[in-house]
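Tertiary structure, described
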Amino acid sequence: MTAHLSAPSLDLLAEQIAALLEEPSTSHGLARTLRAVAKEIEISKYHRTSSRAWPNGRIDIAPEKVQIGGGAHRIDGFYNIDAVPPADLLWDIREGIPLQDGSVQFMFSEHFLEHIDYPNSAKHYAREAHRVLVPGGQLVTGVPDAAFVLRHYPDNPTLADEMVERWYAKRDCLGDINTFLDLINYVFRDQDDAPTYTPHLWAYDREKLTQMFTEAGFRAIEPWDFDPTIANPKRQWGSTYVIATK
Ligand SMILES: C[S@@+](CC[C@H](N)C(=O)[O-])C[C@H]1O[C@@H](n2cnc3c(N)ncnc32)[C@H](O)[C@@H]1O
């Protein structure tokens, strides 16, 4: 007989995982995996609540400017969609963008794309962004620049300290991230055992972004001039941004 995972059983699973994570006998490796499951359950619960409100996967307002995966970085005048609070709408973007066709003028995301899996979710996201934009609408995407770290390897070891200081200062990890290869691991994997951080699942450079957004149907992809009134200033250094026009 196949067990059907209903919402109450997900709640129960979340409780059981929380209890196991409190247990001193839970091994490090198991705890790491359980935290990842707990995170997906959390995202799934938020997504389920929102998709109950919008069962056809489209909300009934049509914001002109949208930020995806902004986290705590809210932008004035933008409608913020993220998997977890704080956001105007909690939605798992791997399930699609819950906006009407041809309704958005401008979309923005930074340090989001590398957190969803490639190729399925990333390419789905690119196609969905193309779908929801008006003709001539624009999508700005910023990611950690894999080409930047590779270009400087192995000649500029202090760059690792600088990047960790700029991007990960709150993480108190300089004691462990202290060679250039550690920095490359961060950009490509971001999978140390800090419990609250989510991994990078794919690395991008400008060429990769250009190829992916071209494939999704965008007609022009250009470098984007960093605008600190929109973007998170701490992301400028070491990131690459492109603007794709539908
Ligand atoms: C590293 S944070 C970047 C936050 C902000 N853009 C910045 O640069 O400071 C990645 C953000 O993407 C969001 N995110 C990750 N996976 C997501 C998904 N499947 N759907 C929606 N948002 C997601 C996370 O919740 C988080 O807010």
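Throughout what follows, the structure given in this document is the object of discussion.

Rules used throughout
The residue count restarts for each chain, going from 1 along the sequence in the order it is written. Predicted model: local features are reported for residues with pLDDT of at least 70 only, side-chain atom pairs are reported and counted for 80 or more only, and whole-chain, interface and lining totals are derived from all residues. Note that the side-chain values use all heavy atoms of the structure and ignore hydrogens as well as water. The criterion for a residue being near a molecule or strand is simple. One of its heavy atoms has to lie within 4 Å of it. Residues adjacent in sequence count toward polar contacts only when both atoms are side-chain atoms; beyond that, a polar contact is any pair of N or O atoms within 3.5 Å, and within protein one must be able to donate a hydrogen and the other to accept it. Throughout, the Shrake-Rupley method with a 1.4 Å probe supplies accessible areas, and for residues the shown protein chains are the sole cover considered. Cavity means a closed set of points on a 1 Å grid over the protein atoms alone, one where a 1.4 Å probe fits but cannot get out, pocket means an open set with protein on both sides within 12 Å along at least 5 of 7 lines, and lining means a residue has an atom within 4 Å of a point. Cavity and pocket membership follows a simple rule, namely that a molecule belongs there if more than half of its atoms are within 2 Å of the grid points. The classification used treats Ala, Val, Leu, Ile, Met, Phe, Trp, Tyr, Cys and Pro as nonpolar, Asp, Glu, Lys and Arg as charged, and all other residues, Gly among them, as polar. Pairing of aromatic rings covers Phe, Tyr and the six-membered ring of Trp, with a centre-to-centre limit of 6.5 Å; geometry is then stacked below 30 degrees between planes, edge-to-face above 60, and tilted otherwise. Per the convention used, a helix needs a DSSP run of H or I reaching at least four residues, while a strand needs a run of E reaching at least two, with both numbered from the N terminus. Each residue's exposure class comes from its accessible area (1.4 Å probe, protein chains only) as a fraction of the maximum for that residue type: buried when under 20%, exposed when over 50%, partly exposed otherwise. Grid points are joined across faces, edges and corners, and a volume is the space filled by probe spheres set on the points. Should any heavy atoms of two residues lie within 4.5 Å, those residues are considered in contact. Note on pairing: two strands pair once DSSP finds at least 2 bridges between them. An axis is simply a line fitted to the C-alpha atoms; with a helix, the fit covers only the stretch in contact. Between two such axes, the angle follows the N-to-C directions and lies from 0 to 180 degrees. Each angle gets one of four labels, with under 35 degrees taken as roughly parallel, over 145 as roughly antiparallel, 65 to 115 as roughly perpendicular, and the rest as oblique. The crossing is said to be left-handed when, going from far helix to near helix, the turn is anticlockwise and less than a right angle, and right-handed when the turn is clockwise.

This next bit is on the site of the ligand. Every one of the 17 residues lining the ligand counts as a neighbour, but Gly69, Asp82, Asp92, Glu110 and Arg235 are closest to it. The separation between a nitrogen atom of the ligand and a polar main-chain atom of Gly69 is 2.9 Å. The separation between an oxygen atom of the ligand and a polar side-chain atom of Asp82 is 2.5 Å. Within the complex, the protein chains bury 84% of what would otherwise be the 590 Å² of accessible surface of the ligand. Placement of the ligand is best described as lying within the largest pocket. Here the shell around the ligand is built from residues that sort into six nonpolar, six polar and five charged.

Okay, the packing of aromatic side chains next. Across all of its chains, the model carries 11 aromatic pairs by this definition. With 4.7 Å between their ring centres and 25° between their planes, Tyr118 and Trp202 make a pair best called stacked. Here Tyr118, found in the loop between β4 (104-110) and α3 (120-132), pairs with Trp202, found in the loop between α6 (180-188) and α7 (206-215); they are 84 residues apart in sequence, far enough to count as distant. On the accessibility criterion, Tyr118 (17% relative accessible area) is buried. On the basis of relative accessibility, which here comes to 36%, the residue Trp202 falls in the partly exposed class. An aromatic cluster of three or more residues is present, and its members are Phe108, Trp224, Phe226 and Tyr241.

With that out of the way, let us pick up unusual backbone geometry. A cis amide bond, omega -5°, links Pro85 with the succeeding residue Pro86. The topology assignment puts Pro86 in the loop between β2 (79-82) and β3 (89-90). Of note, the bond from Tyr118 into Pro119 is cis; its omega dihedral lies within 30 degrees of zero at 10°. Mapping Pro119 onto the fold places it in the loop between β4 and α3. Phi is positive for His111, which is not a glycine, with a value near 50°. Mapped onto the elements of the fold, His111 is located in the loop between β4 and α3.

Approximately 1,600 Å³ is the volume found for the largest pocket. Around the largest pocket, the lining is made up of 49 residues, and of these Lys39, His115, Thr196, Tyr197 and Thr198 lie nearest the centre. Looking at the lining of the largest pocket, the elements that each hand over two or more residues are α2 (28-53), β1 (65-68), β2 and α5 (158-168). Among the residues forming the lining of the largest pocket, the class breakdown is 21 nonpolar, 12 polar and 16 charged.

Here we take up the side chain of Thr245. Here Thr245 lies in strand β7 (residues 239-245). Leaving out residues up to four positions away in the same chain, Thr245 has contacts with Gly136, Gly137, Gln138, Phe218, Arg219 and Ala220.

The subject of this paragraph is the sheet that holds β3. As summarised here, the arrangement of the seven strands in space is β3-β2-β1-β4-β5-β7-β6, forming an open sheet in which the pairing is mixed. One side of each edge strand has no neighbouring strand; the edge strands of this open sheet are β3 and β6 (220-223).

For the pair α5 and α6, interaxial distance at closest approach is 8 Å and the crossing angle is 40°. By the angle between their directions, the pair α5 and α6 is classed as oblique. Crossing of α5 against α6: the hand is left-handed. Residue-level inspection shows Leu159, Ala160, Met163, Val164, Trp167 and Tyr168 of α5 in contact with α6, the latter providing Phe180, Leu183, Tyr186 and Val187. In terms of residue class, the contact of α5 with α6 is made up of 10 nonpolar, no polar and no charged.

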